[in-house]
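Reading the structure
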Amino acid sequence: MNPNWFFSLSYFESRLRVNFNDFNEIKEKLEFYEKLGIKNLILEPKDKVQTISIELKEFIKSFTKMDIYYRFTLRPENLQDFKKKIKKFYNRPGILSVETSNKEIQIHAARDSRIDLISFSSPEIIKTLTNGVISLIKQKNSFIEFSLSSIMVKNRAIQSKNFRNLYRFIHKVRKFKANYILTGDFNELFDIRPPRALISICNTLLDIPIAELKRVFKENPIILLIRSEKKQDKTILGNGVRLIGNGDL
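Predicted model, so just to flag it, every value in this text is computed and none were measured.

**Here we look at the packing of aromatic side chains**
Aromatic ring pairs are described here by two measures, namely the spacing of the ring centres and the angle between the planes. Using the criterion set out here, one finds 8 aromatic pairs in the structure. A ring pair is formed by Phe59 and Phe63, whose centres lie 5.2 Å apart and whose planes are at 75°; its orientation type is edge-to-face. Since its relative accessible area comes to 32%, Phe59 is described here as partly exposed. Overall, Phe63 belongs to the buried group, its relative accessible area being 17%. In textbook terms, an aromatic cluster arises when at least three aromatic residues are bridged by ring pairs, as seen for Phe23, Phe59 and Phe63. Sitting above the plane of the Phe63 ring, Lys27 keeps its charged end 5.9 Å from the centroid.

So, in structure tokens, the structure goes:
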């Protein structure tokens, strides 16, 4: 990927879940995001799609000016299921994330270099985030994900509870200086907010500095995409280690 991205790209919405078998839904949501001025969008299948064809990517590209990227999220039921699913998805282009309340799987995923991101977007799952997982995420230079959709609920009591948990765990991750991203992850069209609005919300309500939020919504998604792309490069054996063929000498 072009290193000039850090200076040329605008903010990201890093998680939009869509049904890849419903072209009308994809088109409607992308048109809505584009009207809000969003330039970079990462799509995730919300159905059981295991691969995204070149033809589908070209179709999506044909009706939007946004830059579109992709991710897959594994939701394993147990450790054996995690090991089985990661084999199917590891070679798929795009960010690979895990979302589970199972702490054993979280620890295993945090240690696994094939996983780019562990998502704690759900109000039920966020409460399971431990210091051990955060420490492993920092060691592996991977990422934790939080979602702002949980504070958009209409029930005030639930909204207040979700806000307190989001505040608590974001600041716990910040204390460890671990990598994290924030997403809207909105299901309803009219809940969607552009990243600049989300930055303002996070600064005001979550006490996160503007400069840090700009990195979270702009640079961190780029780092994730570059990290994912490097996994597809079979000449890279590990951090900073690359196979060199005769033609590279």
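**With respect to empty space enclosed by the protein**
Going through the model one piece at a time under the given rule, you end up with 1 cavity of 30 Å³ or more. The calculated volume of the largest cavity comes to roughly 60 Å³. As for the largest cavity, its lining consists of Phe120, Ser121, Ser122, Pro123, Ile126, Phe146, Ser147, Ser150, Asn162, Asn165 and Leu166. Those elements giving two or more residues to the lining of the largest cavity turn out to be helix H6 (123–126), strand E6 (143–147) and helix H8 (156–176). By residue number, the principal contributor to the lining of the largest cavity is H8, which donates 3 residues. Among the residues making up the lining of the largest cavity, the classes are represented as 5 nonpolar, 6 polar and no charged.

**Description of the side chain of Arg15**
Looking at where Arg15 falls in the secondary structure, it is placed in strand E1 (residues 12–18). Side chain to side chain, Arg15 and Glu145 meet in a polar contact 3.4 Å long.

**A word on the pattern of salt bridges**
One pass over the full model with this rule turns up 17 salt bridges. For Asp185, the salt bridge is made with Arg15, and the minimal N-O distance between the two is 3.8 Å. Of this pair, Asp185 sits in the loop between strand E7 (180–183) and helix H9 (195–206) while Arg15 sits in strand E1, and the two are 170 residues apart along the sequence. Take Asp185 and Arg15: they sit in the same class, and that class is buried. In this structure, the salt-bridge partner of Lys29 is Glu25, at a minimum N-O distance of 3.2 Å. On the criterion of helical spacing, the pair formed by Lys29 and Glu25 is a turn pair, its members being 4 residues apart in helix H2 (residues 23–35). For the pair formed by Lys29 and Glu25, the shared burial category is buried. Each of the salt bridges in this network shares a partner with another, and the network as a whole consists of Arg15, Arg17, Glu44, Arg71, Arg75, Glu99, Glu145 and Asp185.

**Some words on the nonpolar core**
Counting residues in hydrophobic clusters, the biggest one holds 61 residues, and the most contacted among them are Phe20, Leu30, Phe146 and Leu182. In terms of nonpolar packing, the next biggest core, distinct from the first, is built from 10 residues, Tyr69, Ile95, Ile222 and Leu224 among them.

**Some points on helix H4 (residues 79–89)**
The set of residues buried in H4 consists of Leu79, Asp81, Phe82, Ile86 and Phe89. Down the axis of H4, the buried set is contained in an arc of 145°. They therefore lie on one face. Exposed positions of H4 whose direction lies more than 90 degrees from the buried face are Gln80, Lys84 and Lys87. Tucked inside the fold, the buried residues of H4 contact strand E3 (67–74), strand E4 (95–98) and helix H5 (103–111).

Basis of the calculations
Numbering of residues starts from 1 in every chain and runs along the sequence as written. Residues qualify for local features only when their pLDDT is at least 70, as the model is predicted, and side-chain atom pairs are given and counted only at 80 or more; totals for whole chains, interfaces and linings, by contrast, use all residues. Values shown for side chains rest on all heavy atoms present in the structure; no hydrogens or waters enter the calculation. Classification of ring pairs rests on two measures: the distance between centres of Phe, Tyr or Trp rings, Trp counted by its six-membered ring, which must be within 6.5 Å, and the angle between planes, read as stacked under 30 degrees, edge-to-face over 60 and tilted in between. Each residue is placed in one exposure class: buried if its accessible area under a 1.4 Å probe, protein chains only, is under 20% of its type's maximum, exposed if it is over 50%, and partly exposed if it falls in between. Geometrically, a charge over a ring is one whose NZ (Lys) or CZ (Arg) sits within 6 Å of the ring centre while staying within 35 degrees of the ring normal. A cavity, in this analysis, means grid points on a 1 Å lattice covering only the protein atoms where a 1.4 Å probe fits yet has no way out; a pocket is instead an open set bounded by protein on both sides within 12 Å along at least five of seven lines, and a residue lines either one if it has an atom within 4 Å of a point. Grid points are joined across faces, edges and corners, and a volume is the space filled by probe spheres set on the points. Strands here mean DSSP runs of E at least two residues long; helices mean DSSP runs of H or I at least four residues long; both are numbered from the N terminus. Think of it as three bins: nonpolar holds Ala, Val, Leu, Ile, Met, Phe, Trp, Tyr, Cys and Pro, charged holds Asp, Glu, Lys and Arg, and polar takes everything else, Gly as well. Think of a polar contact as two N or O atoms within 3.5 Å of one another; within protein, one of them needs to be a possible hydrogen donor and the other a possible acceptor, and neighboring residues in sequence only count if both atoms come from side chains. When a carboxyl oxygen of Asp or Glu is within 4 Å of a side-chain nitrogen of Lys or Arg, the pair counts as a salt bridge. Side-chain atoms within 4.5 Å link the members of a nonpolar core, which is a set of buried Ala, Val, Leu, Ile, Met, Phe, Trp, Tyr and Cys residues. It is the directions from the helix axis to the C-beta atoms that the arc portrays. In what follows, a contact means two residues having at least one pair of non-hydrogen atoms within 4.5 Å.

That's the geometry; what it means functionally is another story.
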